[in-house]
Amino acid sequence: MTGPVGVRLSATRTRATNDHGQPLGRPVEWSGATAPAKDVVLEGAGVRLEPIGPQHVDDLLRALCRLDDEPLWTYLTWERPRSRDEMAAIVEDGAADPGRVMYAIVARETGRAVGLCSLMRIDPAMGSIEVGQIAFGRQLQRSRAATEAMALLARHVFDGLGYRRYEWKCDSLNAASRRAAIRLGFIWEGRFRNALVYKGRNRDTDWFSITDGEWPRVRAALDAWLDDGNFDDAGRQRARLAARPSAPDQQEA
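In the annotation of an unreviewed UniProt entry, the entry for the protein reads N-acetyltransferase, and the organism field reads Nocardioides flavus.

What follows is the structure, given as C-alpha coordinates:
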(Lines give C-alpha, C1' and ligand atoms only; values in the text may rest on other atoms or scores of the structure.)
Protein backbone atom coordinates (compact mmCIF):
# COMPACT_ATOMS: atom_id res chain seq x y z
CA MET A 1 0.00 0.00 0.00
CA THR A 2 1.34 3.42 -0.93
CA GLY A 3 0.52 6.64 0.91
CA PRO A 4 -0.28 10.04 -0.61
CA VAL A 5 3.37 11.09 -0.39
CA GLY A 6 4.82 8.00 -2.05
CA VAL A 7 5.88 6.14 1.06
CA ARG A 8 5.22 2.44 0.69
CA LEU A 9 3.86 0.71 3.77
CA SER A 10 5.19 -2.79 4.32
CA ALA A 11 3.40 -5.47 6.29
CA THR A 12 4.60 -6.01 9.83
CA ARG A 13 7.61 -8.26 9.62
CA THR A 14 7.43 -11.51 11.51
CA ARG A 15 10.07 -13.75 12.99
CA ALA A 16 8.32 -17.07 13.60
CA THR A 17 5.25 -19.21 13.13
CA ASN A 18 3.25 -21.12 15.70
CA ASP A 19 2.37 -24.83 15.66
CA HIS A 20 -0.50 -24.08 13.29
CA GLY A 21 1.76 -22.48 10.69
CA GLN A 22 0.45 -18.98 11.44
CA PRO A 23 2.96 -16.13 11.35
CA LEU A 24 3.68 -14.39 14.64
CA GLY A 25 4.90 -10.90 15.37
CA ARG A 26 8.46 -10.49 16.54
CA PRO A 27 9.04 -11.05 20.28
CA VAL A 28 9.13 -7.89 22.37
CA GLU A 29 10.63 -7.46 25.80
CA TRP A 30 8.33 -4.82 27.14
CA SER A 31 7.56 -3.46 30.59
CA GLY A 32 5.73 -0.27 29.64
CA ALA A 33 6.60 3.39 29.13
CA THR A 34 6.41 6.31 31.54
CA ALA A 35 3.54 8.79 31.47
CA PRO A 36 4.71 12.35 30.75
CA ALA A 37 4.68 14.58 33.81
CA LYS A 38 2.95 17.95 33.88
CA ASP A 39 5.87 19.67 35.63
CA VAL A 40 8.73 18.90 33.22
CA VAL A 41 10.19 21.71 31.08
CA LEU A 42 11.90 20.67 27.83
CA GLU A 43 14.89 22.93 27.13
CA GLY A 44 16.24 23.62 23.66
CA ALA A 45 18.67 26.12 22.16
CA GLY A 46 16.02 28.44 20.74
CA VAL A 47 12.83 27.34 22.47
CA ARG A 48 11.65 25.63 25.59
CA LEU A 49 8.43 23.74 26.11
CA GLU A 50 6.76 24.68 29.38
CA PRO A 51 3.68 22.92 30.81
CA ILE A 52 0.95 25.38 29.99
CA GLY A 53 -0.48 27.66 32.64
CA PRO A 54 -2.19 31.02 33.23
CA GLN A 55 1.13 32.84 32.81
CA HIS A 56 1.03 32.02 29.10
CA VAL A 57 -2.46 33.32 28.31
CA ASP A 58 -1.57 36.89 27.33
CA ASP A 59 1.35 35.81 25.13
CA LEU A 60 -0.75 33.19 23.35
CA LEU A 61 -3.57 35.66 22.81
CA ARG A 62 -1.11 37.99 21.06
CA ALA A 63 0.65 35.23 19.12
CA LEU A 64 -2.32 33.20 17.91
CA CYS A 65 -5.56 35.12 18.16
CA ARG A 66 -5.45 38.15 15.89
CA LEU A 67 -8.11 38.48 13.22
CA ASP A 68 -5.64 37.47 10.51
CA ASP A 69 -4.76 34.34 12.53
CA GLU A 70 -8.12 32.77 11.69
CA PRO A 71 -6.53 30.17 9.35
CA LEU A 72 -4.51 28.79 12.28
CA TRP A 73 -7.72 27.53 13.87
CA THR A 74 -9.49 26.00 10.86
CA TYR A 75 -8.40 22.43 11.65
CA LEU A 76 -8.18 22.73 15.44
CA THR A 77 -11.07 21.65 17.64
CA TRP A 78 -11.46 25.17 19.04
CA GLU A 79 -12.65 28.31 17.34
CA ARG A 80 -10.23 31.24 17.39
CA PRO A 81 -10.47 32.88 20.83
CA ARG A 82 -11.98 36.36 20.58
CA SER A 83 -11.11 37.38 24.12
CA ARG A 84 -8.64 36.74 26.91
CA ASP A 85 -11.27 34.70 28.75
CA GLU A 86 -11.69 32.36 25.77
CA MET A 87 -7.93 31.84 25.49
CA ALA A 88 -7.72 31.33 29.24
CA ALA A 89 -10.40 28.63 29.04
CA ILE A 90 -8.33 26.66 26.49
CA VAL A 91 -5.23 26.96 28.68
CA GLU A 92 -7.11 26.02 31.85
CA ASP A 93 -8.63 22.96 30.20
CA GLY A 94 -5.26 21.85 28.85
CA ALA A 95 -3.54 22.28 32.19
CA ALA A 96 -6.26 20.41 34.11
CA ASP A 97 -6.86 17.48 31.74
CA PRO A 98 -5.26 14.35 33.26
CA GLY A 99 -5.24 12.65 29.86
CA ARG A 100 -2.86 15.05 28.11
CA VAL A 101 0.06 17.37 28.71
CA MET A 102 -0.28 20.73 26.95
CA TYR A 103 2.84 22.82 26.44
CA ALA A 104 3.45 26.47 25.71
CA ILE A 105 6.27 26.88 23.17
CA VAL A 106 8.38 29.72 24.54
CA ALA A 107 11.00 31.61 22.53
CA ARG A 108 14.14 31.74 24.66
CA GLU A 109 15.21 35.06 23.17
CA THR A 110 12.08 36.89 24.35
CA GLY A 111 10.69 34.62 27.05
CA ARG A 112 7.27 34.86 25.38
CA ALA A 113 4.97 31.98 24.41
CA VAL A 114 4.62 31.82 20.63
CA GLY A 115 2.68 28.57 20.20
CA LEU A 116 1.26 25.49 21.85
CA CYS A 117 1.12 21.72 21.42
CA SER A 118 0.02 18.67 23.39
CA LEU A 119 0.95 15.09 24.16
CA MET A 120 -2.32 13.13 24.18
CA ARG A 121 -3.88 9.69 23.71
CA ILE A 122 -1.27 8.55 26.21
CA ASP A 123 -1.06 4.77 26.65
CA PRO A 124 2.05 3.88 28.69
CA ALA A 125 1.06 0.20 28.91
CA MET A 126 1.18 -0.21 25.12
CA GLY A 127 3.85 2.45 24.58
CA SER A 128 1.78 4.67 22.30
CA ILE A 129 1.41 8.46 22.47
CA GLU A 130 0.25 11.23 20.12
CA VAL A 131 1.38 14.78 19.47
CA GLY A 132 -1.46 17.09 18.55
CA GLN A 133 -3.28 20.39 19.12
CA ILE A 134 -0.35 22.16 17.46
CA ALA A 135 -0.63 25.89 16.85
CA PHE A 136 2.36 28.00 15.80
CA GLY A 137 2.25 31.78 15.90
CA ARG A 138 3.62 33.67 12.91
CA GLN A 139 6.99 34.15 14.60
CA LEU A 140 7.33 30.37 14.91
CA GLN A 141 5.98 29.21 11.56
CA ARG A 142 8.49 27.69 9.10
CA SER A 143 11.33 28.41 11.51
CA ARG A 144 14.27 26.53 12.99
CA ALA A 145 12.61 26.96 16.38
CA ALA A 146 9.43 25.21 15.23
CA THR A 147 11.40 22.16 14.12
CA GLU A 148 13.36 22.22 17.37
CA ALA A 149 10.13 22.24 19.37
CA MET A 150 8.92 19.10 17.61
CA ALA A 151 12.36 17.47 17.97
CA LEU A 152 12.34 18.18 21.71
CA LEU A 153 8.99 16.44 22.07
CA ALA A 154 10.04 13.42 20.03
CA ARG A 155 13.26 13.03 22.00
CA HIS A 156 11.28 13.29 25.25
CA VAL A 157 8.82 10.63 24.05
CA PHE A 158 11.38 8.08 22.88
CA ASP A 159 14.58 8.74 24.83
CA GLY A 160 13.07 10.12 28.01
CA LEU A 161 9.84 8.19 28.44
CA GLY A 162 10.49 4.99 26.47
CA TYR A 163 7.54 4.90 24.05
CA ARG A 164 7.39 2.49 21.13
CA ARG A 165 5.03 4.50 18.93
CA TYR A 166 4.62 8.25 18.36
CA GLU A 167 1.50 9.31 16.48
CA TRP A 168 0.49 12.35 14.43
CA LYS A 169 -3.09 12.69 13.20
CA CYS A 170 -4.77 15.41 11.20
CA ASP A 171 -7.74 16.26 9.03
CA SER A 172 -7.02 14.70 5.63
CA LEU A 173 -7.70 18.13 4.08
CA ASN A 174 -5.01 19.80 6.19
CA ALA A 175 -2.23 19.74 3.61
CA ALA A 176 0.15 21.79 5.76
CA SER A 177 -0.10 19.32 8.64
CA ARG A 178 0.40 16.35 6.33
CA ARG A 179 3.52 17.95 4.85
CA ALA A 180 4.87 18.76 8.30
CA ALA A 181 4.41 15.18 9.51
CA ILE A 182 6.27 13.73 6.53
CA ARG A 183 9.06 16.31 6.80
CA LEU A 184 9.58 15.36 10.46
CA GLY A 185 9.93 11.67 9.60
CA PHE A 186 6.43 10.36 10.33
CA ILE A 187 5.16 7.56 8.08
CA TRP A 188 1.67 7.79 6.63
CA GLU A 189 -0.41 4.79 7.75
CA GLY A 190 -3.81 5.39 6.22
CA ARG A 191 -7.02 7.40 6.26
CA PHE A 192 -9.90 6.82 8.66
CA ARG A 193 -13.00 7.96 6.82
CA ASN A 194 -15.82 9.70 8.70
CA ALA A 195 -13.68 9.54 11.83
CA LEU A 196 -14.95 12.70 13.54
CA VAL A 197 -17.51 15.46 13.43
CA TYR A 198 -16.17 18.81 14.54
CA LYS A 199 -17.31 22.38 13.99
CA GLY A 200 -20.35 20.96 12.21
CA ARG A 201 -18.37 19.19 9.49
CA ASN A 202 -16.97 15.76 8.71
CA ARG A 203 -13.33 14.86 9.28
CA ASP A 204 -11.52 12.06 7.54
CA THR A 205 -8.39 11.55 9.65
CA ASP A 206 -4.93 10.77 8.26
CA TRP A 207 -2.72 8.73 10.62
CA PHE A 208 1.09 8.99 10.75
CA SER A 209 3.61 7.47 13.14
CA ILE A 210 7.25 7.04 14.06
CA THR A 211 8.22 3.80 15.81
CA ASP A 212 11.08 3.22 18.19
CA GLY A 213 12.86 1.26 15.43
CA GLU A 214 12.66 4.27 13.12
CA TRP A 215 13.56 6.83 15.78
CA PRO A 216 17.39 6.54 15.57
CA ARG A 217 17.27 7.48 11.88
CA VAL A 218 14.82 10.32 12.49
CA ARG A 219 16.77 11.59 15.50
CA ALA A 220 20.01 11.67 13.50
CA ALA A 221 18.30 13.61 10.70
CA LEU A 222 16.80 16.13 13.12
CA ASP A 223 20.11 16.61 14.93
CA ALA A 224 21.96 17.13 11.65
CA TRP A 225 19.43 19.67 10.41
CA LEU A 226 19.35 21.62 13.69
CA ASP A 227 23.15 21.76 13.92
CA ASP A 228 24.54 25.30 13.76
CA GLY A 229 26.66 24.29 10.77
CA ASN A 230 23.51 23.76 8.71
CA PHE A 231 22.67 27.48 8.82
CA ASP A 232 24.42 30.43 7.23
CA ASP A 233 24.99 33.81 8.87
CA ALA A 234 21.50 34.93 7.84
CA GLY A 235 19.91 31.87 9.46
CA ARG A 236 19.06 30.16 6.17
CA GLN A 237 19.30 26.38 6.00
CA ARG A 238 22.09 24.91 3.90
CA ALA A 239 20.45 21.47 3.52
CA ARG A 240 16.84 20.37 3.81
CA LEU A 241 15.67 18.14 6.62
CA ALA A 242 16.03 14.53 5.47
CA ALA A 243 14.03 12.59 8.08
CA ARG A 244 12.03 10.52 5.59
CA PRO A 245 13.10 6.95 4.77
CA SER A 246 15.84 6.84 2.15
CA ALA A 247 13.85 4.39 -0.04
CA PRO A 248 10.09 4.29 -0.77
CA ASP A 249 9.61 0.88 0.81
CA GLN A 250 11.96 1.37 3.78
CA GLN A 251 10.15 0.84 7.05
CA GLU A 252 11.68 -0.80 10.07
CA ALA A 253 9.86 -3.68 11.67
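**Student:** I tried to follow a positive patch on the surface on my own but got confused; where do I start?
**Tutor:** Together, Arg142, Arg179, Arg183 and Arg240 make up a region of like positive charge exposed at the surface. Within the secondary structure, Arg240 is located in the segment after helix H5 (215-226).

**Student:** Looking at this structure, I do not really get the packing of helix H3 (residues 144-160) against H5. What am I missing?
**Tutor:** Packed helices, taken two at a time, are described by their axes: the angle between them and the distance between them. Running from N to C, H3 and H5 point in directions that differ by 150°, and their axes come no closer than 11 Å. Considering the angle they form, H3 stands roughly antiparallel to H5. You can see that H3 and H5 cross each other, and the crossing is left-handed. Across the interface between the two elements, Arg144, Thr147, Glu148, Ala151, Ala154, Arg155, Phe158 and Asp159 of H3 pack against Trp215, Arg219, Leu222, Asp223, Trp225 and Leu226 of H5.

**Student:** Mind showing me how you'd approach H5 here?
**Tutor:** Turn by turn, an α-helix covers 3.6 residues, leaving residues three or four places apart pointing in a common direction. Taking 1.5 Å per residue, twelve residues should reach 16 Å; H5 reaches 16 Å between its end C-alpha atoms and fits that length. Buried residues of H5: Trp215, Arg217, Val218, Ala221, Leu222, Trp225 and Leu226, and no others. Looking down the long axis of H5, one finds its buried residues gathered within 165° of arc, a one-sided arrangement.

**Student:** How do you make sense of the nonpolar core when you look at a structure like this?
**Tutor:** Inside soluble globular proteins, nonpolar side chains tend to come together where they are buried. Among the nonpolar cores identified, the biggest contains 45 residues, and Leu49, Met150, Leu153, Tyr166, Trp168 and Phe186 are the most heavily contacted of them. No other element matches the nine residues that H3 contributes to this core. Not counting residues up to four positions away in its chain, the partners in contact with Met150 are Cys117, Val131, Ile134, Phe136, Trp168 and Leu184. Core analysis: the next-biggest nonpolar cluster, separate from the first, contains 18 residues, Ile52, Val57, Leu60 and Ala63 among them.

**Student:** I keep staring at the UniProt feature "domain: N-acetyltransferase" (unreviewed entry) in the protein and nothing clicks. Help me out?
**Tutor:** Per the UniProt record, "domain: N-acetyltransferase" (unreviewed entry) is annotated on residues 47-204. Regarding residues 47-204, the helix share stands at 30% and the strand share at 35%, and the terminal C-alpha atoms are separated by 32 Å.

**Student:** When you look at the pattern of salt bridges in this model, what are you seeing that I'm missing?
**Tutor:** Pairing is possible between side chains that carry opposite charge, provided their charged atoms lie close to one another. Within the structure shown, the criterion is met by 26 salt bridges. Between Arg62 and Asp59 there is a salt bridge, with its nearest N and O atoms 2.6 Å apart. Pair noted here: Arg62 and Asp59 are both in helix H1 (residues 57-64), with a separation of three residues, about one helical turn. When salt bridges that share partners are traced, they join Arg121, Glu130, Arg165, Glu167, Lys169 and Glu189 into one network.

**Student:** Mind showing me how you'd approach the sheet that holds strand S9 (residues 187-198) here?
**Tutor:** Think of a sheet as strands paired side by side through backbone hydrogen bonds, with each pair either parallel or antiparallel. Here eight strands make up an open sheet; going across it, the order is S3-S4-S5-S6-S7-S8-S10-S9 and the pairing mixed. Where the open sheet ends on each side, the last strands, each with one partner, are strand S3 (42-43) and S9. Strand direction decides the pairing type here: S3 and strand S4 (residues 47-51), joined by two bridges, are antiparallel. Within the sheet, the bridge partner assigned to Leu42 lies in S4 and is Leu49. Contacts from H1 reach strand S6 (113-123) and strand S7 (128-136), with the element oriented near 105° to S6. Against the sheet, H3 makes contact with S3, S4, strand S5 (101-107), S6, S7, strand S8 (165-171) and strand S10 (201-211), and its axis sits at roughly 55° relative to S4, the strand it touches most.

**Student:** Whenever I open this one, the packing of aromatic side chains confuses me. Can you help?
**Tutor:** Each aromatic ring pair is specified by the distance between its two centres and by the angle formed by the two planes. One pass over the full model with this rule turns up seven aromatic pairs. Measuring from centroid to centroid gives 5.9 Å for Phe158 and Tyr166, while their planes differ by 80°, and the two rings are edge-to-face. For Tyr166, a relative accessible area of 1% translates into the label buried. With 5.1 Å between their ring centres and 20° between their planes, Phe158 and Trp215 make a pair best called stacked.

Thresholds, definitions, all that
- Residues numbered from 1 in each chain as written.
- Predicted model: local features only at pLDDT ≥ 70, side-chain atom pairs only at ≥ 80, totals over all residues.
- Heavy atoms only, no water.
- Patch = residues over 30% accessible without salt bridge, like charges linked within 9 Å, V, L, I, M, F, W, Y side chains within 5 Å.
- Areas by Shrake-Rupley, 256 points an atom, 1.4 Å probe, with all protein chains shown as cover.
- Salt bridge = Lys/Arg side-chain N within 4 Å of Asp/Glu carboxyl O.
- Lys, Arg positive; Asp, Glu negative; His and termini not counted.
- Charge placed at Lys NZ, Arg CZ, Asp CG, Glu CD.
- Helix = DSSP H or I, 4+ residues; strand = E, 2+ residues; numbered from the N terminus.
- Axes fitted to C-alpha atoms, helices over the stretch in contact; angles between N-to-C directions.
- Parallel < 35°, antiparallel > 145°, perpendicular 65-115°, else oblique.
- Left-handed = near helix turned anticlockwise from the far one by under 90°.
- Contact = heavy atoms within 4.5 Å.
- Expected span 1.5 Å × (residues − 1).
- Buried < 20%, exposed > 50% of the residue type's maximum accessible area, 1.4 Å probe, protein only.
- Arc of directions from axis to C-beta.
- Core = buried A, V, L, I, M, F, W, Y, C linked by side-chain atoms within 4.5 Å.
- UniProt positions renumbered as here; feature names shortened; annotations may be inferred.
- Pairing = 2+ DSSP bridges.
- Phe/Tyr/Trp six-rings, centres within 6.5 Å; stacked < 30°, edge-to-face > 60°.

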